[in-house]
Amino acid sequence: MLNNLLLIDDDDVTHFICENVIKNENLTKNLTMLYNGQEGVNYFRNLLTAESKDVPELILLDLNMPVMNGWDFLEVFSKEFEDKFPNTKVCILTSSLDPLDFTHSQVYHNVIGFLNKPFIKERVEELKSNDRLAAYF
Amino acid sequence: MQAPNNLLPETLKVLESIAKINNDGLWIWNLGTNEVSRFGEEFYNAFGNTLTSLSPPEDWEKLIHPDDKSRVVKNYKAAIENPEILRTDETYQVLKTDGTYADILDHAYISRNENGKATTVYGIASDITFRKKNDIEREMRISELTKANSSLKQFSYIISHNLRTPISNLIGLGSIIDESKIEDPLIQKTVEKYKLATLNLNKNVNGLFELLVQNTNPEKQVQEVKLDDVFKQVMDSVETKITESGAEISADFSEGNIVEFNPVYMHSIFLNFLTNTLKYRDPERDLKVKVFTEKKDGCLLLHFSDNGLGIDLDKYGDKVFGLYQKFHNHPDSKGLGLHIVATQVKASGGKVWVTSEPNKGTTFSIQFKKIGHAE
């Protein structure tokens, strides 16, 4: 089981679904949910100075979001936080079927997966069987 | 018109008539006397009457647009002086009496004596203003269409995303509901149907999307495809459905097994044929399916034949491969499959057709594009 999982998605219903599915499938102990990339950046900035370090092992990242989208978040994360939180992996969670989105996501080596919504039981199983998360399951 | 003194009246008439065919200007430039005889009254009248008679080349040259003049004169001079050159072309603008410029295309042949010295230049001048204008317009249209096509493609991704997000949510929400905990049987049933409706909505949107992506991605990845391999993959992917149906399926690709085709298309075509066959089997008899290839007139044909319900072709003949055409009241039918097949076959330069008889069966046939001789 993961200890800390971070969901970044602007959609409330997705939050509700993920929260419930994650609970039912015992994916993580703690779940934090944010609404856009900027909130994600702020979250990691706070982690840098925070005393207790509940660093997420996995970020479920939506791509289309207001304020700061998933791509821009990935850029900032790679530049500012990657070396400080080397154990944090990213998995894209999107309803986009644009093949270019998948191709583009492969550029980032900390992106370990590309999931299509909805986030249902089968998606959780895909995550659990992901090689780069094997240590937790 | 003043006749060049070395030509017979009959010859003059012939040349004048030839010029009329395309309203071209014919010109014969005698390099010895430096005189140009011109034929094609209609053509030359647009540039001034004096040109239709015997005149020095300068009379024409002075009408050439200043941007083109020195280049054209220089090129002709160079061509004439080079004993290797027999033919030359020039495109340039010439001033008409109405004050506008015409785009002229000259085709010229240089006649030389035994020493290679040019003696006469024969030429045809064509007014290509209209053609050139059309070319420019066509270029513009193509570029507009390309732009429109790419923005449509972008639009389809956005629409698909905007539709898929709420549909995904509906499916996600449905997946959380544990129906066994619902006590009221009506609500339980309603939720069950609600989930089903959501899944169907999702299927339809994905089907449409597949169609959009396919129609906006003309780049085909054609390679050598082994029909038996692809067919086996497809059989494996719907194995449970085949077992359930009790279908007896035979495949024989001995007449030809390798085609030049997009493997993804081939997979989709077999899958569409196979699922159709299973869906529209006749409950009155055991389903028998025959898949085989045939060589005919140098082309390879693929036949996919069953003894299912059949289609009334008198009634539906021209609609079989249309979009959203359904011939049976089947709950799972979207009316997309055969349309996708037809699009994929056509995009690959092949043909697809159907023969069928109600209550006897259906045969779908594909003629693959002839493989060109190796170069």
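Everything quoted here is computed from the prediction, not taken from an experiment.

Engineer: Any details on the nonpolar core? Residues and values, ideally.
Structural biologist: Residue and element names in this part refer to chain B. If you look at the biggest cluster of nonpolar residues, it comprises 36 residues, and the most contacted ones within it are M266, F270, L302, F304, F364 and F368. Elements supplying a minimum of two residues to this core: helix 7 (227–237), strand 8 (258–261), helix 9 (263–279), strand 9 (288–296), strand 10 (299–306), helix 11 (337–347), strand 11 (351–357) and strand 12 (361–367). If you tally residues by element for this core, the top one is helix 9, at 7 residues. Residues contacting F270, with those up to four places away along its chain left out, are L227, V230, F231, V234, F253, V291, L302 and F304.

Engineer: Report on the packing of helix 2 (residues 37–49) of chain A against helix 3 (residues 70–81) of chain A, specifying residues and quantitative values.
Structural biologist: All names here are of chain A. At a minimum axis distance of 9 Å, the contact between helix 2 and helix 3 shows a crossing angle of 15 degrees. On the basis of the axis angle, helix 2 is roughly parallel to helix 3. Considering the relative orientation of helix 2 and helix 3, their crossing is right-handed. Note on element contacts: helix 3 touches helix 2 through F73, V76, F77, E80 and F81, opposite G37, G40, V41, F44, R45 and L48.

Engineer: Tell me about the pairing of strand 10 of chain B, residues and numbers included.
Structural biologist: Residues and elements named next belong to chain B. Most of strand 10 is tucked away: 8 of the 8 residues are buried. Every second residue of strand 10 is oriented toward a common face, with C299, L301, H303 and S305 on one face and L300, L302, F304 and D306 on the other, all of them buried. Where strand 9 lies against strand 10, 8 bridges are found, and the strand directions are antiparallel. Paired with K290 across the two strands is S305, which belongs to strand 10. Inspection of the sheet shows strand 10 paired to strand 12 by 6 bridges, in the antiparallel sense. Each residue of the ladder has a partner; that of F304, found in strand 12, is F364.

Engineer: Tell me about the pattern of salt bridges, residues and numbers included.
Structural biologist: Residue and element names in this part refer to chain B. Under the criterion given, the structure shown has 16 salt bridges over all chains. Put simply, D59 and K62 hold a salt bridge, and the shortest N to O gap is 3.8 Å. Classification of D59 as partly exposed rests on a relative accessible area of 23%. Using a relative accessible area of 58% as the deciding quantity, one classes K62 as exposed. Salt-bridge contacts for E179 lead to K195; the nearest nitrogen and oxygen are separated by 2.8 Å. A residue pair is termed long-range when its members are at least 10 positions apart, and E179 in the loop between helix 5 (129–176) and helix 6 (185–216) and K195 in helix 6 qualify at 16 residues.

Engineer: Summarise empty space enclosed by the protein; cite the residues concerned and give the values.
Structural biologist: All names here are of chain B. One pass over the structure, following the stated rule, counts 3 cavities of 30 Å³ or more. Put simply, the largest cavity is a space of about 170 Å³. Residue lining of the largest cavity: 15 residues in total, with W27, W29, P57, W60 and Y76 positioned closest to the centre. When residues of the lining of the largest cavity are traced back to their parent elements, those giving at least two are strand 1 (25–30), strand 2 (35–39), helix 3 (57–61) and helix 4 (66–81). Tallied by class, residues from the lining of the largest cavity come to 12 nonpolar, no polar and 3 charged.

Engineer: Could you give an account of the confidence of the model for chain A, with specific residues and numbers?
Structural biologist: Chain-level pLDDT for chain A is 91 on average; 100% of the residues reach the 70-or-more range. The element-level mean pLDDT for chain A is lowest in helix 4 (residues 99–105) of chain A, coming to 82, with strand 3 (residues 58–61) of chain A highest at 96.

Engineer: Outline the packing of aromatic side chains, supporting the account with residue identities and numerical values.
Structural biologist: Residues and elements named next belong to chain B. The full count for this structure, using the stated rule, is 24 aromatic pairs over all chains. Measuring from ring centre to ring centre gives 6.3 Å for Y109 and Y122, while their planes differ by 25 degrees; the resulting arrangement is stacked. In this pair, Y109 sits in strand 4 (residues 101–112) while Y122 sits in strand 5 (residues 118–127), placing the two residues 13 residues apart along the sequence. According to the relative accessible area criterion, Y109 is partly exposed, its value standing at 34%. Both rings, one in F321 and one in F364, keep their centres 6.1 Å apart while their planes meet at 70 degrees; by these two values the pair is edge-to-face. Taken together, the residues span a long stretch of sequence, with F321 in the loop between helix 10 (313–316) and helix 11 and F364 in strand 12 at a distance of 43 residues. Of the aromatic side chains, those joined through ring pairs into one cluster are F231, F253, F270, F273, F304, F321 and F364.

Criteria and thresholds
Residues numbered from 1 in each chain as written. Chains lettered and ligands numbered in written order. Predicted model: local features only at pLDDT ≥ 70, side-chain atom pairs only at ≥ 80, totals over all residues. Heavy atoms only, no water. Core = buried A, V, L, I, M, F, W, Y, C linked by side-chain atoms within 4.5 Å. Buried < 20%, exposed > 50% of the residue type's maximum accessible area, 1.4 Å probe, protein only. Helix = DSSP H or I, 4+ residues; strand = E, 2+ residues; numbered from the N terminus. Contact = heavy atoms within 4.5 Å. Axes fitted to C-alpha atoms, helices over the stretch in contact; angles between N-to-C directions. Parallel < 35°, antiparallel > 145°, perpendicular 65-115°, else oblique. Left-handed = near helix turned anticlockwise from the far one by under 90°. Pairing = 2+ DSSP bridges. Salt bridge = Lys/Arg side-chain N within 4 Å of Asp/Glu carboxyl O. 1 Å grid on protein atoms, 1.4 Å probe; cavity = no way out; pocket = protein on both sides within 12 Å on 5 of 7 lines; lining within 4 Å. Points joined across faces, edges and corners; volume = space filled by probe spheres on them. Nonpolar A, V, L, I, M, F, W, Y, C, P; charged D, E, K, R; others polar. pLDDT = per-residue confidence, 0-100. Phe/Tyr/Trp six-rings, centres within 6.5 Å; stacked < 30°, edge-to-face > 60°.

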